[in-house]
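The lines below spell out each chain.
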Amino acid sequence: MTAYSNSAGTAPPHTSGFPDACDAHIHVYDARFPETDGPALTATPRQATAEDYVRIQRRLGTRRAVVVQPRVYGTDNRCTLDAIAQLGRDRTRGIAVVTPDVADTELAALHAGGIRGVRMTLHAATGAPTRIDMLEALAARIAPLGWHLQLHLQADQIAAHAATIARLPCTVVFDHLARLPHGAAGLTHPAFDTVRGLLQDGRAWLKLSGAYLNTSYGPPGYADTHAVARAWVAAAPDRLVWGSDWPHATEETHKPDDARLFDLLAEWLPDDAVRRRVLVDNPARLYGF
């Protein structure tokens, strides 16, 4: 059987996909582009290029993708723009990293290259090119472009900054199930009500991704993620997208099986029509496909 870069397993998913299904959260690492100086949160994955990801797409049966700027490139978005071009601008979008002093000309060039949002990954401070006190300034810069602010925060951080997030002038996208605690504890965390309110008000979206980031059970079933994921589905099925998080930079020793991550959708969204919304219709609205 064929081996896949940064992915365990070789079989396709058990769950059928849909034409134009979107993997709304991937990262691309390419040695042609220099990493920024300074401490990194994780080691750079090897062989995680756009070409490598095409094979993952074929395995999963997805067609569209969203390339999210990795931390190792800081605010140099050339690798992400190059990946969008390689994967096809008609079916690929990107999320950049910039600081509030970014020039208007750079924002225009990023938009032309397929960028539709800015990510702040602040769940851990090491190597982060942005800070939590940049939230409002960044939101003000990108709102005129119709972009969103993608937040990778721990649940405690979401709760601590709920008032600031609620008054941002742009749409917000929460990464990785909003990083709630696994199991029933996630549903009683203050961040759950904060994010649910924003979803139901049409102010936010959430990614059904990163099951392996908040679990004690682990693969293949990640059973302790089901309660939180199903609660998001029940709360706002029209405000959810799915992402693989390939190449799983936080998992240096044991890479997840992307096909099994895709199959989690059948556990979380057993209804075919709702699953089609999450894989096709919702990302088309959020990213402008």
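Refer to the preceding data block for the structure.
Residues numbered from 1 in each chain as written. Predicted model: local features only at pLDDT ≥ 70, side-chain atom pairs only at ≥ 80, totals over all residues. Heavy atoms only, no water.

Enquirer: Where do I start with the sheet that holds strand β2 (residues 64-68) in this structure?
Expert: As a general point, the strands of a sheet are linked pairwise by backbone hydrogen bonds and lie either parallel or antiparallel. Taken together, eight strands build an open sheet; the order of strands is β1-β2-β3-β4-β5-β6-β7-β8 and the sheet is parallel. The strands lining the two open edges of the sheet, one partner per strand, are β1 (22-26) and β8 (240-242). The mean angle between the axes of side-by-side strands here comes to 25 degrees, regardless of whether they run parallel or antiparallel. Note that strand β7 (residues 204-208) and β8 share three bridges and pair parallel. Paired with leucine 206 across the strands is leucine 240, a residue of β8. Of the strands in this sheet, β7 and β8 touch helix α9 (residues 226-235), which is tilted by about 145 degrees from β7. On the sheet, helix α11 (residues 272-287) packs against β1, β2, β3 (92-96), β4 (115-121), β5 (148-152), β6 (171-174), β7 and β8 and is oriented at approximately 110 degrees with respect to β8. (Pairing = 2+ DSSP bridges. Helix = DSSP H or I, 4+ residues; strand = E, 2+ residues; numbered from the N terminus. Axes fitted to C-alpha atoms, helices over the stretch in contact; angles between N-to-C directions. Contact = heavy atoms within 4.5 Å.)

Enquirer: Quick question: what am I supposed to make of the packing of aromatic side chains here?
Expert: Given two aromatic rings, their pairing is described by the distance between the two centres and the angle made by the two planes. Taken as a whole and judged by the stated rule, the model has five aromatic pairs. Taking 4.8 Å as the distance between ring centres and 40 degrees as the angle between the ring planes, the aromatic pair formed by phenylalanine 192 and tryptophan 232 counts as tilted. Taken together, the residues span a long stretch of sequence, with phenylalanine 192 in helix α8 (residues 190-200) and tryptophan 232 in helix α9 at a distance of 40 residues. Grouping residues by exposure puts phenylalanine 192 and tryptophan 232 together as buried. (Phe/Tyr/Trp six-rings, centres within 6.5 Å; stacked < 30°, edge-to-face > 60°. Buried < 20%, exposed > 50% of the residue type's maximum accessible area, 1.4 Å probe, protein only.)

Enquirer: Would you take a moment to explain unusual backbone geometry for this structure?
Expert: Most peptide bonds take the trans form, and the phi angle of most residues other than glycine is negative. Here proline 219 and proline 220 are connected by a cis peptide whose omega angle stands at 0 degrees. Structurally, proline 220 is set in the loop between β7 and α9. For the bond from tryptophan 246 to proline 247, the omega torsion is 5 degrees, close enough to zero to count as cis. Relative to the assigned elements, proline 247 resides in the loop between β8 and α10 (258-268). In this structure, alanine 178 is a non-glycine residue whose phi angle is positive, near 65 degrees. Relative to the helices and strands, alanine 178 resides in the loop between β6 and α7 (185-188). Alanine 178 sits in the buried class, given a relative accessible area of 1%. Positive phi values are uncommon outside glycine, yet tyrosine 222 reaches one of about 45 degrees. Residue classification places tyrosine 222 among the buried residues on the basis of a relative accessible area of 4%.

Enquirer: I keep staring at the packing of helix α1 (residues 50-60) against α10 and nothing clicks. Help me out?
Expert: The relative placement of two packed helices is expressed as an angle between their axes plus a distance between the axes. Contact geometry of α1 with α10 gives a least axis separation of 10 Å together with a crossing angle of 45 degrees. In terms of orientation, α1 and α10 fall into the oblique class. Both α1 and α10 take part in a crossing whose hand is right-handed. Across the interface between the two elements, Ile56, Arg59 and Leu60 from α1 touch Asp258, Ala259 and Phe262 from α10. (Parallel < 35°, antiparallel > 145°, perpendicular 65-115°, else oblique. Left-handed = near helix turned anticlockwise from the far one by under 90°.)

Enquirer: Looking at this structure, how should I read α1?
Expert: An α-helical turn contains 3.6 residues, so a residue and the one three or four places further along point in the same direction. Buried within α1 we find Ala50, Asp52, Tyr53, Ile56, Gln57, Arg59 and Leu60. Buried residues of α1, viewed axially, fall in a sector of 160 degrees; they line one side. Of the exposed residues in α1, the ones pointing more than 90 degrees away from its buried face are Glu51 and Arg58. Tucked inside the fold, the buried residues of α1 contact β1, β2, α2 (78-87), β8 and α10. (Arc of directions from axis to C-beta.)

Enquirer: Can you help me understand the pattern of salt bridges in this one?
Expert: Where charged atoms from two side chains of opposite charge approach closely, those side chains can pair. Evaluated as defined, the whole model comprises 18 salt bridges. Residue arginine 32 pairs with aspartate 30 through a salt bridge whose shortest N-O separation is 3.0 Å. Arginine 32 sits in the exposed class, given a relative accessible area of 53%. Residue class for aspartate 30 comes out buried when judged on its relative accessible area of 9%. With its nearest N and O atoms 3.1 Å apart, the salt bridge here joins arginine 131 to aspartate 133. Take aspartate 133: its relative accessible area is 55%, and that puts it in the exposed class. Each of Asp20, Arg63, Arg64 and Asp90 takes part in a single network of salt bridges with overlapping partners. (Salt bridge = Lys/Arg side-chain N within 4 Å of Asp/Glu carboxyl O.)

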